[in-house]
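As a plain string of letters, each chain reads:
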Amino acid sequence: MRRRILVLAVLLLAALAAGLLWRGDIAVPAPWNPWAPLDLRDPPNLLTGLKLARVKADPDLCRAVLATSGLSTRPVPDREEAPGCVLSNAVAVSRAGVALDRGFVASCRLAVAFALFERHALQPAAQEAFGQRVAAIDHLGTYACRNVNHRAEGRRSRHATADAIDLAAVRLADGRRITVRQGWAGDGPEARFLHRLRDRACRIFDVVLSPDYNAVHRDHLHLDVGWFGTCR
Ligand SMILES: [Zn+2]
């Protein structure tokens, strides 16, 4: 009985604290306030997933967050190319903090996740490994109306809704190019960098697939946003 009262008291206190937090009566720093919108400048923490989930579910919020990302984008009209291949609230990204070998079409939620990745995974990992910034990336594409692993049957890939990007190579400020195809194996500095990049990407994206996953991914990191998480 006493234990039940204790549990009830704790629940009541938690509800009260949540209410006060929501009303703004208790101030906590925005990165730790679950109701504060996602701020791309904040390093990822336990609440980032929750805040990203809200961004994914709310097109207006997504556009507002994307506007603060520093990415150069223009809107792409909604369209359905084929069943399951839908562009909705998508943008064409022509420039990020890093240069792109070519622009790409991305769902707003992918563009926001990419901006987080660039700032909090890509650049820190390069600084740690090589003491310099990443100047550019090479990618193998984002939007493609196709099924998972290019199979004729089965479910649609997240590429079919522009929710995925395949990262093939990174160019450092000094011009050195590190490719997933050549750099992944072994335990040299390039391999350590690429593995760390994969691990950091897993904190931001929902699905991250590397050469460790299967042969289809031997030359790129597949990074996508959705609802289920895999980090391979
Ligand atoms: Zn992919």
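Going by the structure above, here's the rest.
The text that follows walks through the structure, step by step, so that each part is easy to find. (Residues numbered from 1 in each chain as written. Predicted model: local features only at pLDDT ≥ 70, side-chain atom pairs only at ≥ 80, totals over all residues. Heavy atoms only, no water.)

Things to note about the overall build of the chain
So, point 1. Scanning the chain from N- to C-terminus turns up 6 helices and 12 strands.
So, point 2. Taking the principal axes of the C-alpha coordinates as reference, the chain spans close to 60 × 45 × 35 Å.
So, point 3. Residue pairs at least 24 apart in sequence account for 53% of intrachain contacts in the chain once pairs closer than 6 positions are excluded.
So, point 4. Summing over all exposed atoms, the chain offers an accessible surface of approximately 12,400 Å²; the carbon and sulfur share of this is 56%.
So, point 5. Computed over 32 positive and 23 negative side-chain charges, the inter-centroid distance for the chain is 4 Å. (Helix = DSSP H or I, 4+ residues; strand = E, 2+ residues; numbered from the N terminus. Contact = heavy atoms within 4.5 Å. Areas by Shrake-Rupley, 256 points an atom, 1.4 Å probe, with all protein chains shown as cover. Lys, Arg positive; Asp, Glu negative; His and termini not counted. Charge placed at Lys NZ, Arg CZ, Asp CG, Glu CD.)

Considerations on the packing of aromatic side chains
So, point 1. In this structure the tally under the stated criterion is 4 aromatic pairs.
So, point 2. Where F114 meets F117, the ring centres are 6.2 Å apart and the plane angle is 45°; that geometry is what we call tilted. Residue F114 and its partner F117 are both found in helix 4 (residues 108–130); the two are separated by 3 residues, about one turn of the helix.
So, point 3. When its relative accessible area of 1% is taken as the criterion, F117 is described as buried.
So, point 4. By the ring-pair criterion, three or more aromatic residues cluster together here, those being F104, F114, F117 and F205. (Phe/Tyr/Trp six-rings, centres within 6.5 Å; stacked < 30°, edge-to-face > 60°. Buried < 20%, exposed > 50% of the residue type's maximum accessible area, 1.4 Å probe, protein only.)

Considerations on the nonpolar core
In globular proteins that are soluble, nonpolar side chains generally tend to be buried together.
So, point 1. With 48 residues, the main nonpolar core has V112, F114, F117, I137, F193, F205 and L223 as its most contacted residues.
So, point 2. It is helix 4 that contributes the most residues to this core, 14 residues altogether.
So, point 3. Leave out the neighbours within four places in its chain, and F205 touches L110, A113, F114, F117, L223, D224 and V225.
So, point 4. Membership of the second largest hydrophobic core comes to 8 residues, among which are C85, A92, Y143 and A162. (Core = buried A, V, L, I, M, F, W, Y, C linked by side-chain atoms within 4.5 Å.)

Here we look at the coordination of the zinc ion
So, point 1. In the first shell of the zinc ion, the protein supplies H159 (NE2), D166 (OD) and H222 (ND1), at 2.0 Å from the metal.
So, point 2. The motif formed by the donor residues of the zinc ion, counted along the single chain, is H-x6-D-x55-H.
So, point 3. Taking the relative accessible area as the measure of exposure, H159 reaches 2% and is therefore buried.
So, point 4. On the accessibility criterion, D166 (7% relative accessible area) is buried. (Donors = N, O, S within 2.8 Å, 3.2 Å for Na, K, Ca; no water.)

A word on the environment of L21
So, point 1. Checked against the element boundaries, L21 lands in helix 1 (residues 2–23).
So, point 2. Relative accessible area serves as the criterion here: at 16%, L21 is assigned to the buried category.
So, point 3. Not counting residues within four places of it along the chain, the set of residues in contact with L21 comprises I26, V28, N33, P34 and W35.

Concerning the pattern of salt bridges
So, point 1. As enumerated under the stated definition, the model contains 14 salt bridges in all.
So, point 2. The salt bridge involving R63 is made with D60; its shortest N-O contact spans 2.5 Å. Placement of the pair is R63 and D60 together in helix 3 (residues 59–67), with a separation of 3 residues, close to one helical turn.
So, point 3. Close ionic contact of R79 with E81 constitutes a salt bridge, the shortest N to O distance being 3.9 Å.
So, point 4. Classification of R79 by relative accessible area gives partly exposed; the value is 42%.
So, point 5. For E81, a relative accessible area of 48% gives the class partly exposed.
So, point 6. The structure contains a network of salt bridges with shared partners spanning E128, R196 and R200. (Salt bridge = Lys/Arg side-chain N within 4 Å of Asp/Glu carboxyl O.)

A few points about helix 4
So, point 1. If you check helix 4, its first and last C-alpha atoms are 31 Å apart, about what 23 residues at 1.5 Å a residue would give, namely 33 Å.
So, point 2. Of all the bends in helix 4, the largest measures some 40° and sits at E118.
So, point 3. Here helix 4 lies mainly inside the structure; 17 of its 23 residues are buried.
So, point 4. At the C-terminal side of helix 4, G131 shows a positive phi close to 65°. (Expected span 1.5 Å × (residues − 1). Bend = angle between axes of the 7 residues up to and from the residue.)

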